[in-house]
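Survey of secondary and tertiary structure
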Amino acid sequence: MHVLGLTLDLYSLLQFLFTSLLFVFGFLHLLKSAASKYLLLDTPSSSSSPAASDFQAPPRSPSPVRPTMPEDPSCFVCGKDGPKQCSRCKSVRYCSSECQSTHWKSDHKLKCKVFKPSSRATSGGEIDGNVKPIKQIEKVLFPYEEFLELYRWDNPGFPPCGLINCGNSCFANVVLQCLASTRPLVTYLLKKGHKKTCRRNEWCFMCELQTHLERASNSSQPFSPLNILSHLPKIGGNLGNGRQEDAHEFMRFAIDTMQSVCLDEFGGEKAVHPCAQETTLIQHIYGGHLQSQVICANCGKVSNQYENMMDLTVEIHGDAASLEECLDQFTVKEWLDGDNMYSCDGCRGYVKAWKCLTVRRAPNILTIALKRFQGGRFGKINKKVTFPETLDLSPYMSEKGDGNDLYRLYAVVVHLDMLNASFFGHYICYIKDFSGDWFRIDDGKVSYVGLEEVLSQGAYMLLYGRVSARPSCLWSPGDSTEVCSQKAEVDIPVSSHQTDERLPHATTGSGFTAAACEEAGIANECKTHEPMHTAEDNDAPKSRAAEPRCLYLGC
């Protein structure tokens, strides 16, 4: 192309013009954005046209509506009890969707604002520069006497109903079967019900579980739990539809979600004191306390930490061939030395110490997971680990009880695989109904089995129910809140030293013998072979005075 004697490339010319247009439009957009920040632009209401002059924008509220719970829990429209609240501003309550729709169409849609907390707000509630601390609830959230009635419910219940596999959903099916055979949970959802007291506006796992149990109790044919499976990310953030997941992980997510639902009825986790959080229905069912005790080998100071437990995960490595031996490994005393030395507050430095885990308060429903997946794609441990129908938890308790720490097996989860693969497989379960009959459940297939077949399985998860419910809850308002703290240290005088009768090598009187120390492999640590006084665990909260025990040779 020739213009005025010059040779021009048509393609380059078009490209230049197109780039110039983009640059001009971008510059105009940037100019308009800058002008809207610093200049007052005319609005349609200032136009001279009649249509524009009739338009009036709703007045802006100077600040968004705060999502505070109204003092009056009644419906804003009709005055009845309002269990639901506006999901945007959370400032008004309604008894039904009809009342909410009526209020929304009237004027609420102009006033309702999505709450955005101020950047100056603090956890204590800073308003206009004044800090207003939030008083946490310190009361029993679910009466334990009412829980005992649920636990002792003698209704024969209903036989298990199969669940259809919706694509790699066997992990969820077995957990739902275990929840459907947990007596106090089923009794609460079917007898009392959660839906009518639920204050969640969005999807609620406990409401959906109640619907699931109602359908299972009235159905003789397998059905699909799709209403639960379609909301897996709301139960556990890393769970996904159609993927193979771990049944134990899903069980923990489900229990934690139900605990959150219970706390939401009282304003959420931050509104409830940590001790009071252990008095929900879910804590009454699954909650217990672990005690971690550390004994300093230098000064004899004992430190106890108490941790809330919802289940137990035990190792099955080594020579452990039974559940009792696995629990022995779980509660065995560990020698802290080398790179794993203990930081003692009494000695103000890193020292050698003993550490021991025990069960301080046993739960009413005990869930035990055998750690079969050790890592790697073919790292599953398929060794046979026997387990009893009746389990006595007394040998693994921090304190000697009254002999009522007996449990009965009611559910077993089994993982089937090929070539010890941990990245794929299939879950089945064995469930005992409320009448005492055992069933094998493989997704939609349900068949009657005997106890012998159940006890011969390579279990992955074991669920035990306490024969007699624990006489009291984990915490009551009259108890000290020290049990919820992080650390308790107690010095035990040397004169109060006593020998633990469970120690085969401990001696009475003057202390350990040199032969006993050599046999225990601690001759280098025990120079004088004198008895050491004890103290309580550095990794746990406070409450009980330490029992005098032998420092060496285990507890």
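Bear in mind the structure is a predicted one, so any value in this text is a computation, not a measurement.

In this section: the overall build of the protein chain. Along the backbone of the protein chain there are 14 helices and 21 strands. Counting the 555 residues in the protein chain, one finds 42% classified as buried. Partitioning the contacts of the protein chain with sequence separation of at least 6, the portion at a separation of at least 24 is 67%. When the accessible surface of the protein chain is split by element, carbon and sulfur atoms take 54% of a total near 29,500 Å².

Here we take up the environment of Trp335. If you trace the backbone, Trp335 turns up in strand E10 (residues 334–336). For the pair Trp335 and Ala297, spaced 38 residues apart in sequence, the C-alpha to C-alpha distance is 9.7 Å. Within the local environment of Trp335, its side chain forms a polar contact with the side chain of Asp337, the two groups lying 3.5 Å apart.

On to the packing of helix H6 (residues 183–192) against helix H7 (residues 205–217), then. The N-to-C vectors of H6 and H7 enclose an angle of 90 degrees; their axes lie 9 Å apart at closest approach. Classified by the angle between their axes, H6 and H7 sit roughly perpendicular to one another. Contacts between H6 and H7 involve Leu185, Val186, Tyr188, Leu189 and Leu190 from the former and Met206, Leu209, Gln210, Leu213 and Glu214 from the latter.

Scanning all chains against the criterion turns up 9 aromatic pairs. Centroid distance Phe171 to Phe250: 5.6 Å. Interplanar angle 85 degrees. Geometry classified as edge-to-face. With Phe171 in helix H5 (residues 170–179) and Phe250 in helix H10 (residues 247–264), this residue pair connects regions lying 79 residues apart in the sequence. As far as burial versus exposure is concerned, Phe171 and Phe250 are alike and both buried.

The subject of this paragraph is the pairing of strand E7 (residues 288–296). Along a regular strand, successive side chains alternate from one face of the sheet to the other. Summarising burial for E7: 9 of the 9 residues are buried, a large majority. Neither face of E7 is exposed, since Gly288, Leu290, Ser292, Val294 and Cys296 on one face and His289, Gln291, Gln293 and Ile295 on the opposite face are all buried. As defined by bridge partners, E7 adjoins strand E8 (residues 302–309) across 8 bridges and the pair is classed as antiparallel. Each bridged residue has a counterpart across the sheet, and for Ile295 the counterpart in E8 is Val302. With antiparallel pairing between neighbouring strands as the criterion, E7 and E8 make up a hairpin whose turn holds 5 residues, including Gly300 at a positive phi of roughly 80 degrees. In this sheet, strand E13 (residues 353–361) lies alongside E7 in antiparallel orientation, the contact comprising 8 bridges. Directly across from His289, in E13, lies its bridge partner Arg361.

With that out of the way, let us pick up the nonpolar core. Among the nonpolar cores identified, the biggest contains 66 residues, and Leu179, Leu185, Phe205, Leu209, Met258 and Tyr286 are the most heavily contacted of them. Sequence-distant contacts of Phe205, defined by excluding residues within four places in its chain, comprise Leu179, Ile228, Ile235, Ala254, Thr257 and Met258. Ranked by size, the runner-up nonpolar core spans 33 residues in total, among them Leu290, Ala362, Tyr396 and Val454.

Moving on to unusual backbone geometry. A positive phi angle, near 55 degrees, is found at Arg348, a position not held by glycine. Although it is not a glycine, Asp443 sits at a positive phi angle of roughly 55 degrees. Within the fold, Asp443 resides in the loop between strand E18 (438–442) and strand E19 (445–449). Assessed through its relative accessible area of 13%, Asp443 is described here as buried.

For the structure on display, the rule yields 8 salt bridges. The salt bridge involving Lys195 is made with Glu214; its shortest N-O contact spans 3.8 Å. Within this pair, whereas Lys195 is found in the loop between H6 and H7, its partner Glu214 is found in helix H7, the two being separated by 19 residues in sequence. Classification of Lys195 as partly exposed rests on a relative accessible area of 37%. Its salt-bridge partner being Lys380, residue Asp417 comes within 2.8 Å of it at the nearest N-O pair. Here Lys380 lies in the loop between strand E14 (365–371) and strand E15 (390–392) and Asp417 lies in the loop between strand E16 (406–416) and strand E17 (426–432), a separation of 37 residues in the sequence.

Calculation rules
Residues numbered from 1 in each chain as written. Predicted model: local features only at pLDDT ≥ 70, side-chain atom pairs only at ≥ 80, totals over all residues. Heavy atoms only, no water. Helix = DSSP H or I, 4+ residues; strand = E, 2+ residues; numbered from the N terminus. Buried < 20%, exposed > 50% of the residue type's maximum accessible area, 1.4 Å probe, protein only. Contact = heavy atoms within 4.5 Å. Areas by Shrake-Rupley, 256 points an atom, 1.4 Å probe, with all protein chains shown as cover. Polar contact = N/O pair within 3.5 Å; in protein donor to acceptor, adjacent residues only side chain to side chain. Axes fitted to C-alpha atoms, helices over the stretch in contact; angles between N-to-C directions. Parallel < 35°, antiparallel > 145°, perpendicular 65-115°, else oblique. Phe/Tyr/Trp six-rings, centres within 6.5 Å; stacked < 30°, edge-to-face > 60°. Pairing = 2+ DSSP bridges. Core = buried A, V, L, I, M, F, W, Y, C linked by side-chain atoms within 4.5 Å. Salt bridge = Lys/Arg side-chain N within 4 Å of Asp/Glu carboxyl O.

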